[in-house]
Amino acid sequence: MNNFELTLKNPVWHALDEVHKKYLISFNGVKFYDPKICPFGAFKDASETTIALNEYAKLTDSFFLVSEKKDPIFDKDQVVLDRKIEGVQMVLYNALANYESTETIIPLTEKHINEIYDLIWLVMPGYYKKRSFEMGAYFGIFKDGKLVAVTGQRIQTNNFIELSGVVTHPNYTRRGLAKQLVAHTTKEVLKTGKKAILHTTKGNGAIKLYEKLGYTLTREMNWWYFHRK
């Protein structure tokens, strides 16, 4: 198994060991992002997660642990498991498929931070922080003077960049905006010489869209959502 395939098995861990090391907070051998940036953590040894979760919970009300197959061990007197989100990982191993581009897609800047935050929280509340914008490039489509669709880059290692925040305002769905944004953001990733990956929930209808663009399902990736008791 090459280094790229190894990093895919524990993407948050390797991102915090490489490109996003500046955001690293570590407790008892478990790695976390600074919660002001992204409330994600990862582990290799489940026996280390109990103490680590108790400590990280002092910094943020809620957070996620991301793992492929391992189940974290936690102290029910200190943290509460809200739910286990069953997800999947997808990777673009080959060329990006051809797609029709009809929209004007613009790079988003710091002046758009509030608009990005509001749109993502409208559609997918819970994980995105305003400073998540610092993790990678974001792109958007505007209609009627407002941001109506966005896609960005999140977890990054020396080998890959993850697409995330694939969100369209409910009033502007079924117009192909998400497909064009995912394709555009993927092209921007490929320009760096890295692979493009993404994560989504198991059974999400968007999986077919990603597959049409050339992405392949690789593995399950679970998101353990905790909050401080």
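Quantities reported herein were computed from a predicted structural model and do not represent experimental measurements.

S.K.: Could you give me a rundown of the pairing of strand β10 (residues 195-201), with the residues and numbers involved?
M.R.: Counting buried residues in β10 gives five out of seven residues, a clear majority hidden from the surface. As paired elements, strand β5 (residues 79-92) and β10 share six bridges and run antiparallel to each other. Its bridge partner being in β10, Met90 is matched across the sheet by Leu198. On the question of chirality, the crossover connecting strand β9 (residues 160-168) to the parallel β10 by way of helix α5 (residues 177-190) is right-handed.

S.K.: Describe α5, naming the residues involved and giving the relevant values.
M.R.: Taking 1.5 Å as the rise per residue, α5 with 14 residues should run 20 Å; its terminal C-alpha atoms sit 20 Å apart, in good agreement. The complete set of buried residues in α5 reads Leu177, Gln180, Leu181, Val182, Ala183, Thr185, Thr186 and Val189. Buried positions along α5 lie against β5, β7 (138-143), β8 (146-156), β9, β10 and α6 (206-212).

S.K.: Lay out the layout of surface pockets with the relevant residues and their values.
M.R.: A volume near 980 Å³ is recorded for the largest pocket. If you go around the largest pocket, you meet 35 residues; those closest to its centre are Met124, Val166, Thr200, Asn204 and Tyr210. A per-element tally of the lining of the largest pocket places β9 first, with six residues. Classifying every residue of the lining of the largest pocket gives 20 nonpolar, 11 polar and four charged. There is about 160 Å³ of room inside the second largest pocket. Lining the second largest pocket are Lys9, Asn10, Phe43, Lys44, Ser67, Glu68, Lys69 and Lys70.

S.K.: Talk me through helix α4 (residues 113-123); I want residue IDs and the actual numbers.
M.R.: In an α-helix, one turn spans 3.6 residues, which is why side chains three or four residues apart end up on the same side. Looking at α4, one finds that the buried residues are Ile113, Ile116, Leu119 and Ile120. The buried residues of α4 occupy an angular sector of 140 degrees when projected down its axis, which confines them to one face. Those residues of α4 that are buried lie in contact with β7, β8 and β9.

S.K.: Account for the side chain of Asn222, with residues named and values stated.
M.R.: Inspection of the secondary structure puts Asn222 in strand β11 (residues 216-228). The exposure class of Asn222 is buried, given its relative accessible area of 5%. Among the polar contacts made by the side chain of Asn222, one reaches the main-chain carbonyl oxygen of Glu68 at a distance of 3.2 Å. Asn222 has contacts with Leu65, Val66, Ser67, Glu68, Lys84, Ile85, Glu86 and Gly87, leaving out every residue within four places of it along the chain.

S.K.: Explain the packing of aromatic side chains residue by residue, including any values.
M.R.: In total, this model carries 16 aromatic pairs according to the counting rule given. Ring centres of Phe40 and Phe64 lie 5.6 Å apart, and the angle between their planes is 85 degrees; on these two criteria the pair is classed as edge-to-face. With a gap of 24 residues between them, Phe40 in strand β3 (residues 40-42) and Phe64 in strand β4 (residues 62-67) connect regions that are remote in the sequence. Residue classification places Phe40 among the buried residues on the basis of a relative accessible area of 1%. Both rings, one in Tyr117 and one in Tyr128, keep their centres 6.4 Å apart while their planes meet at 45 degrees; by these two values the pair is tilted. Linking Tyr117 in helix α4 with Tyr128 in the loop between α4 and β7, this pair joins segments that are 11 residues apart in sequence. For Tyr117, a relative accessible area of 23% corresponds to the partly exposed category. Tyr128 gets classed as buried once you look at its relative accessible area, which sits at 2%.

S.K.: Kindly report on unusual backbone geometry, identifying the contributing residues and their values.
M.R.: Residue Asn28 is not a glycine yet carries a positive backbone phi of 55 degrees. Its location among the elements puts Asn28 in the loop between β1 (24-27) and β2 (30-33). Of the residues examined, Asn28 reaches a relative accessible area of 39% and is grouped as partly exposed. A positive phi angle, close to 55 degrees, is found at Asp144, a residue other than glycine. Locating Asp144 in the fold gives a position in the loop between β7 and β8.

Thresholds applied
- Residues numbered from 1 in each chain as written.
- Predicted model: local features only at pLDDT ≥ 70, side-chain atom pairs only at ≥ 80, totals over all residues.
- Heavy atoms only, no water.
- Buried < 20%, exposed > 50% of the residue type's maximum accessible area, 1.4 Å probe, protein only.
- Helix = DSSP H or I, 4+ residues; strand = E, 2+ residues; numbered from the N terminus.
- Pairing = 2+ DSSP bridges.
- Right-handed = clockwise from strand over helix to strand, strands pointing away.
- Expected span 1.5 Å × (residues − 1).
- Contact = heavy atoms within 4.5 Å.
- 1 Å grid on protein atoms, 1.4 Å probe; cavity = no way out; pocket = protein on both sides within 12 Å on 5 of 7 lines; lining within 4 Å.
- Points joined across faces, edges and corners; volume = space filled by probe spheres on them.
- Nonpolar A, V, L, I, M, F, W, Y, C, P; charged D, E, K, R; others polar.
- Arc of directions from axis to C-beta.
- Polar contact = N/O pair within 3.5 Å; in protein donor to acceptor, adjacent residues only side chain to side chain.
- Phe/Tyr/Trp six-rings, centres within 6.5 Å; stacked < 30°, edge-to-face > 60°.

These figures capture arrangement, not role.
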